[in-house]
Amino acid sequence: MLAGLGILMLVLLLMGFPMMVPLAVGTFYMMFADMTFFGPDQAISWMINGVGSWVLAAVPMFIFAADILTKGHTANRLLDVVDAFTRHIRGGLPITTAASCALFGAVSGSTQATVVAMGGPMRPRLLAKGYTDSFTLALIINASDIALLIPPSIGFIIYGVVMKESIGDLFLAGVLPGVMILMLFAIYCYIDARIKGIEPEPRSTWGERARAVRKVILPMGFPVLVVGGIYGGFFSAVEASAVAVAYALILEVVIYRQVSIRDLGGLALSTGMITAVVFILVAIGAAFSQTLGTAGVPEQVLGPLIDSIGDSQILALALIAAAFFVGCMFVDPIVVILILVPIFKPLIMSTGLDPVHVGVIVTLQAAIGSATPPFGCDIFTAIAVFRRPYMDVIRGTPPFIAILLLATVLLILFPQISLLLPSLGDTA
């Protein structure tokens with residue numbers, strides 16, 4: 001029956017159905033194949049409970065804030081300030097792209113918004129400098145995935161809801177890993193530029209740098225408000241998301257005047273469409289996860305592996321990372337988090353792993369999966385935005401995926417990279 005379930009869901013995916021359809025069909029298949037003892041009414045109840053957490057109200061707010069900022073000129077301001085400090089370095093243009101994606105992630109929390117906002121202005125500049133389109137596209141989509149680790153992060157919100165962990169701790173835990181990955185990308189870009197013989201741009205004057213910094217002071221208030229507000233006890237994650245929307249409106253509508261009142265209706269509609277997809281996935285994913293647990297599927301598939309691990313935390317983290325990496329290659333990361341986190345929760349508890357550290361590992365795999373063939377969501381965002389063939393988009397991704405896997409290994413071996421900032425916050 002498990003083989004039938006897998007074949008059915010794979011066929012539906014290959015036929016082009018959105019992920020919610022295989023999940024829903026798989027849930028009801030397990031019922032009618034006598035793999036469970038409950039009916040559709042229980043599945044519907046699980047769907048409702050899946051989206052019943054108040055914390056999930058932060059998701060549409062952060063999406064709306066990201067849409068407002070993408071429509072405005074915040075992205076260009078972030079690009080200018082990074083370019084002012086890195087253009088004279090060999091490989092400075094791709095380093096600017098990677099760092100700007102990380103900064104925009106700190107403002108928007110959305111990988112796809114980052115692909116659109118940063119890829120639009122940077123791709124022509126990289127191509128004009130002599131970089132290939134495959135390198136350019138791979139850099140944009142992989143650097144954009146740092147947004148999943150830099151707060152605010154929708155991936156951390158979903159994980160925090162499932163594991164009932166502090167969103168503030170998770171936000172803090174993602175900062176240093178995100179910075180580490182950015183540094184690894186910068187090193188690779190520098191080496192790549194030296195190999196290709198691409199010369200750097202002229203050095204910016206200190207006057208140009210000062211002007212660029214002044215322009216970016218207000219946009220960089222976003223991470224300070226969100227993380228500082230949550231961890232300082234001034235407001236919850238949901239309240240922080242509302243503050244983010246208000247701040248985005250003030251910034252782009254009132255101060256910069258790049259977004260008009262008339263634009264807000266269309267932006268709200270876009271946010272509603274994306275939120276609907278996310279919440280449908282969350283609801284059906286919760287039901288599917290509960291159904292798998294009731295049918296005993298995790299024990300059948302992963303039981304022998306989990307039993308062989310014993311009390312080894314490193315092996316447990318390696319298994320968790322491998323499972324999420326493979327899962328996110330084929331399925332939307334939100335769905336993978338909803339399905340696999342409950343399965344691995346007993347292993348996390350029994351081995352004494354810090355759930356916040358595990359959250360960083362899990363979210364990093366979601367970031368890798370977002371840009372990894374065959375079904376990484378950012379790959380298809382790049383295809384739609386830049387109108388390039390699938391193979392052109394994925395051809396340059398292997399080096400960046402290797403860097404992200406190296407970061408995974410470092411985080412497994414050195415958990416303090418992710419736990420340092422939350423521990424400092426606890427002692428403050």
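Residues numbered from 1 in each chain as written. Predicted model: local features only at pLDDT ≥ 70, side-chain atom pairs only at ≥ 80, totals over all residues. Heavy atoms only, no water.

## Considering the packing of aromatic side chains
So the rule is basically this: Here the aromatic set is Phe, Tyr and Trp, taking the six-membered ring for Trp, and pairing holds for ring centres within 6.5 Å; pairs whose planes are under 30 degrees apart are stacked, those over 60 apart are edge-to-face, and all others are tilted. Strands here mean DSSP runs of E at least two residues long; helices mean DSSP runs of H or I at least four residues long; both are numbered from the N terminus. For a ring to carry a charge above it, either NZ of a lysine or CZ of an arginine must fall within 6 Å of the ring centroid while also lying within 35 degrees of the normal to the ring plane.
Under the criterion given, the structure shown has seven aromatic pairs. Measuring from ring centre to ring centre gives 5.3 Å for F185 and F400, while their planes differ by 75 degrees; the resulting arrangement is edge-to-face. Of this pair, F185 sits in helix 11 (residues 175–196) while F400 sits in helix 22 (residues 398–413), placing them 215 residues apart in sequence. Pairwise contacts between aromatic rings join Y131, F135, F185, Y188 and F400 into one cluster. Above the ring of F135, the side-chain terminus of K196 is found at 4.3 Å from the ring centroid. The positively charged end of R209 is found above the aromatic ring belonging to W206, 4.5 Å away from the centroid.

## Considering the layout of surface pockets
Here is the rule: Grid points spaced at 1 Å and placed over the protein atoms alone form the basis of the search, with a cavity being a set where a 1.4 Å probe fits but cannot get out and a pocket an open set showing protein on both sides within 12 Å along at least five of seven lines. Lining residues have an atom within 4 Å of a point. Grid points are joined across faces, edges and corners, and a volume is the space filled by probe spheres set on the points. Throughout, the ten residues Ala, Val, Leu, Ile, Met, Phe, Trp, Tyr, Cys and Pro are labelled nonpolar, Asp, Glu, Lys and Arg are labelled charged, and all others, Gly among them, are labelled polar.
Quantified by volume, the largest pocket comes out at close to 1000 Å³. Around the largest pocket, the lining is made up of 35 residues, and of these Q112, I274, D332, C377 and T381 lie nearest the centre. Among the secondary structure elements, those contributing two or more residues to the lining of the largest pocket are helix 4 (58–71), helix 7 (111–129), helix 9 (154–163), helix 15 (261–295), helix 18 (333–350), helix 19 (355–370) and helix 20 (377–386). Tallying contributions element by element places helix 15 first for the lining of the largest pocket, with five residues. Grouping the constituent residues of the lining of the largest pocket by class yields 24 nonpolar, nine polar and two charged.

## Thoughts on a nonpolar patch on the surface
The condition is simple: Residues enter patches when their relative accessible area tops 30% and they take part in no salt bridge; the joining distance is 9 Å for like charges and 5 Å for the nonpolar side chains Val, Leu, Ile, Met, Phe, Trp and Tyr. Methods summary: accessible areas were calculated by the Shrake-Rupley approach with a probe of 1.4 Å, and residue burial reflects only the protein chains presented. Salt-bridge detection follows one rule: a side-chain nitrogen of Lys or Arg within 4 Å of a carboxyl oxygen of Asp or Glu.
Together, I89, I187, Y190, I191 and I195 make up a nonpolar patch on the protein surface, roughly 470 Å² of accessible area in all. Counting through the fold element by element, I195 comes out in helix 11.

## As for the nonpolar core
Rules: By nonpolar core we mean a set of buried residues, namely Ala, Val, Leu, Ile, Met, Phe, Trp, Tyr and Cys, connected to one another through side-chain atoms within 4.5 Å. A simple rule labels every residue: compare its accessible area, found with a 1.4 Å probe on the protein chains alone, to the largest value its type can have, and call it buried under 20%, exposed over 50%, or partly exposed in between. Contacts are assigned to residue pairs with any non-hydrogen atoms lying within 4.5 Å of each other.
Formed by 142 residues in total, the largest nonpolar core has its most connected members in L23, F185, I320 and F324. Of all the elements, helix 18 adds the most residues to this core, at 12 residues. Setting aside residues no more than four positions away along its own chain, F185 makes contact with A98, N142, A143, I146, F400, I403 and L404. Counting 10 residues, the second-largest nonpolar core is a separate cluster that includes I140, I141, F386 and I394.

## Concerning the environment of A371
With respect to the secondary-structure elements, A371 resides in the loop between helix 19 and helix 20. The buried category is assigned to A371, whose relative accessible area is 0%. Taking the C-alpha atoms as reference, A371 lies 14 Å from V116; in sequence the two are 255 residues apart. Not counting residues up to four positions away in its chain, the partners in contact with A371 are I141, N142, D145, G376, I379, T397 and I401.

## Let's talk about helix 22
Note the threshold: Take the residue count of a helix, subtract one, and multiply by 1.5 Å to get its expected span.
When the terminal C-alpha atoms of helix 22 are compared, their 23 Å separation across 16 residues agrees well with the 22 Å that a helix rising 1.5 Å per residue should span. All buried positions along helix 22 are accounted for by F400, I401, I403, L404, A407, T408, L411 and I412.

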